[in-house]
Amino acid sequence: MGTPSPHFSATQARPQLVDPFGREITYLRISVTDRCDFRCVYCMAENMTFLPKRDLLTLEELDRLCSAFVARGVRKLRLTGGEPLVRRNLMDLVRSLSRHLDAGTLEEITLTTNGSQLSRFADELRAAGVRRVNISLDTLDPDRFKSITRWGDLGKVMDGLRAAEEAGLNVKINMVALRDVNAEEIEPMMRFCHERGHDLTLIETMPLGDIEGDRTDQFLALSEVRRRLEETYTLEPLPDRTGGPARYVRVRETGGRLGFITPLTHNFCESCNRVRLTCTGTLYMCLGQEDAADLRAPLRASEADDLLHEEIDRAIARKPKGHDFIIDRRGQAPALTRHMSVTGG
Ligand code: SAM
Ligand code: SF4
């Protein structure tokens, strides 16, 4: 392999993934299923057509893919979906991946979940080495919860939240900010989270997937939310960077952390450290671009991982500098046709 590059670590069998803009790829998000037990209005249509089960990667294949990325320097894995906890035997995958935590080659395995199944799985997740979970919660009002998620039950999610707390998992709440739907609940939600010792991250809606509705109605700019909060609270910017689109502040009055995810701005692309894998083995190099690489074919073509690594190298070499989101103010067409449940956010 010649002289090791500056990005080559002696403990790695293969070189660190670095894209053409010098960004090290250290974070992989994996959508383990496109299915979900909710139908959130901004995410899915009510009558979604899901992928045939035969198209999905098996848990063993997902493990092999994740492990290939860990061998290339990925330090964080986030399991998402669809709803990751509705994938059958998901815990087998988590337990298996935790060998990389034990080996010190992986820093963390985390999960983004709607919380509906957490009361069943919180203890097992903790036992398998998971230390943090993100729970999506857009409202604390049961009726509004039903109208946003269509099929969800707030009581079950609250049970899940408590189970996560009792299991000792570090919880972050994700809330999508929706004009005329939950804008008035942002401050109470912040208080609720901070009183319980949890971070709250607000998310701007993104134009992903056809969802039967007009997104321009729902869009609420977080700059506006921030301005409103600043009338009452002191927001102190924090240097914390995740390599993603979140920016954090400390709220002086509550002592808690508040994050803003504004994916439509470009201010995070230059430090982007992540790629996204779908449950069929398609790798998206950017949340806001259509270009993708099929990793399932090289995975299945050979038991050795050489073809897979060659395809990963070709894909990372095409990682774009930034994204192309536009909310089309004239029509309802999304800028990208794939749903968030495919790439997992
Ligand atoms: N089902 C899990 C959940 O809801 O947490 C994981 C998958 S979900 C696609 C991941 C995150 O994406 C959730 O926090 C959800 O609120 C967010 N999300 C889904 N569609 C979105 C959209 N169009 N714009 C912004 N965020 C979205
Ligand atoms: Fe399901 Fe999460 Fe999408 Fe809601 S946001 S429909 S919980 S995948």
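Thresholds, definitions, all that
- Residues numbered from 1 in each chain as written.
- Chains lettered and ligands numbered in written order.
- Predicted model: local features only at pLDDT ≥ 70, side-chain atom pairs only at ≥ 80, totals over all residues.
- Heavy atoms only, no water.
- Helix = DSSP H or I, 4+ residues; strand = E, 2+ residues; numbered from the N terminus.
- Buried < 20%, exposed > 50% of the residue type's maximum accessible area, 1.4 Å probe, protein only.
- Areas by Shrake-Rupley, 256 points an atom, 1.4 Å probe, with all protein chains shown as cover.
- Disulfide = S-S within 2.5 Å.
- Near = heavy atom within 4 Å.
- Nonpolar A, V, L, I, M, F, W, Y, C, P; charged D, E, K, R; others polar.
- Core = buried A, V, L, I, M, F, W, Y, C linked by side-chain atoms within 4.5 Å.
- Contact = heavy atoms within 4.5 Å.
- Polar contact = N/O pair within 3.5 Å; in protein donor to acceptor, adjacent residues only side chain to side chain.
- Pairing = 2+ DSSP bridges.
- Right-handed = clockwise from strand over helix to strand, strands pointing away.
- Axes fitted to C-alpha atoms, helices over the stretch in contact; angles between N-to-C directions.
- Parallel < 35°, antiparallel > 145°, perpendicular 65-115°, else oblique.
- Left-handed = near helix turned anticlockwise from the far one by under 90°.
- Phe/Tyr/Trp six-rings, centres within 6.5 Å; stacked < 30°, edge-to-face > 60°.
- Lys NZ or Arg CZ within 6 Å of the ring centre and 35° of its normal.

Caption draft 1: Region of the structure containing the overall build of the protein chain. Within the protein chain one finds 11 helices and 12 strands. Buried residues in the protein chain amount to 57% of all 345 residues. Accessible surface, the protein chain as shown: approximately 15,200 Å² in total, 48% of it carbon and sulfur.

Caption draft 2: Broad picture of the state of the cysteines. Throughout the structure, instances matching the rule amount to zero disulfides. Of the cysteine sulfurs around Cys-269, a residue in no disulfide, the closest is that of Cys-286, at 6.1 Å.

Caption draft 3: Focus on the site of ligand 2. Around ligand 2, the structure places Cys-36, Phe-38, Cys-40, Cys-43, Met-44, Gly-82 and Asn-114. Of the residues belonging to the shell around ligand 2, the class tally is five nonpolar, two polar and no charged.

Caption draft 4: Spotlight on the nonpolar core. One finds Leu-28 and Leu-283 to be the most contacted residues of the largest nonpolar core, which totals 96 residues. Setting aside anything within four residues of it in sequence, one finds Leu-283 in contact with Leu-28, Phe-69, Val-275, Arg-276, Leu-277, Asp-291, Ala-292, Ala-293, Leu-295 and Ala-315.

Caption draft 5: Region of interest: the site of ligand 1. Taken together, 19 residues lie near ligand 1, and Tyr-42, Gly-82, Ser-136, Val-176 and Met-206 sit nearest. Within the side chain of Glu-83, a nitrogen or oxygen atom sits 3.2 Å from a nitrogen atom of ligand 1. Here Ser-136 contributes a side-chain N or O atom positioned 2.5 Å from an oxygen atom of ligand 1. Protein contacts shield 95% of the accessible area of ligand 1, which totals 540 Å² for the unbound molecule.

Caption draft 6: Structural context of the pairing of strand 5 (residues 170-177). Judged by how many residues are buried, strand 5 sits mostly within the fold: seven of eight residues are covered. Strand direction decides the pairing type here: strand 5 and strand 6 (residues 199-204), joined by six bridges, are parallel. Bridge pairing in strand 6 places Lys-172 opposite Asp-199. This β-α-β element, strand 5 to helix 6 (residues 186-195) to strand 6, shows right-handed connectivity.

Caption draft 7: Spotlight on the packing of helix 1 (residues 59-71) against helix 2 (residues 90-103). Where helix 1 meets helix 2, the axes come as close as 10 Å, and the angle between the chain directions of the two elements is 25°. By the angle between their directions, the pair helix 1 and helix 2 is classed as roughly parallel. Helix 1 and helix 2 meet at a crossing whose hand is right-handed. Only Leu-90, Leu-93, Ser-96, Leu-97, Arg-99 and His-100 of helix 2 make contact with helix 1, whose side of the interface consists of Leu-59, Leu-62, Asp-63, Cys-66, Ser-67 and Val-70. Of the residues that constitute the contact of helix 1 with helix 2, the class distribution is seven nonpolar, three polar and two charged.

Caption draft 8: Here's a closer look at the sheet that holds strand 3 (residues 108-113). The strand order across the open sheet formed by 12 strands is 7-8-9-6-5-4-3-2-1-10-11-12, and the pairing between neighbours is mixed. A strand with exactly one partner marks an edge of an open sheet, and here the two such strands are strand 7 (235-237) and strand 12 (292-294). The average undirected angle you get between the axes of adjacent strands in this sheet is 25°. Across the face of the sheet, helix 2 comes into contact with strand 2 (76-80) and strand 3 while running at roughly 150° to strand 3. Contacts from helix 6 reach strand 5, strand 6, strand 8 (246-251) and strand 9 (257-261) within the one sheet, and its direction differs from that of strand 6 by about 150°.

Caption draft 9: Representation of the packing of aromatic side chains in the model. Across all of its chains, the model carries one aromatic pair by this definition. Note on Phe-38 and Phe-145: the rings are 5.8 Å apart at their centroids and 85° apart in plane angle, and the pair reads as edge-to-face. Of this pair, Phe-38 sits in the loop between strand 1 (27-31) and helix 1 while Phe-145 sits in helix 4 (residues 142-149), placing them 107 residues apart in sequence. In this structure, Arg-257 packs its charged tip against the face of Tyr-248, placed 4.2 Å from the ring centre.

Caption draft 10: Local environment of the side chain of Asp-19. Residue position: Asp-19 is located in the segment before strand 1. Take Asp-19: its relative accessible area is 4%, and that puts it in the buried class. Within the local environment of Asp-19, its side chain forms a polar contact with the backbone nitrogen of Phe-21, the two atoms lying 2.8 Å apart. Ignoring anything within four residues of it in the chain, the contact list for Asp-19 reads Ile-316 and Lys-319.

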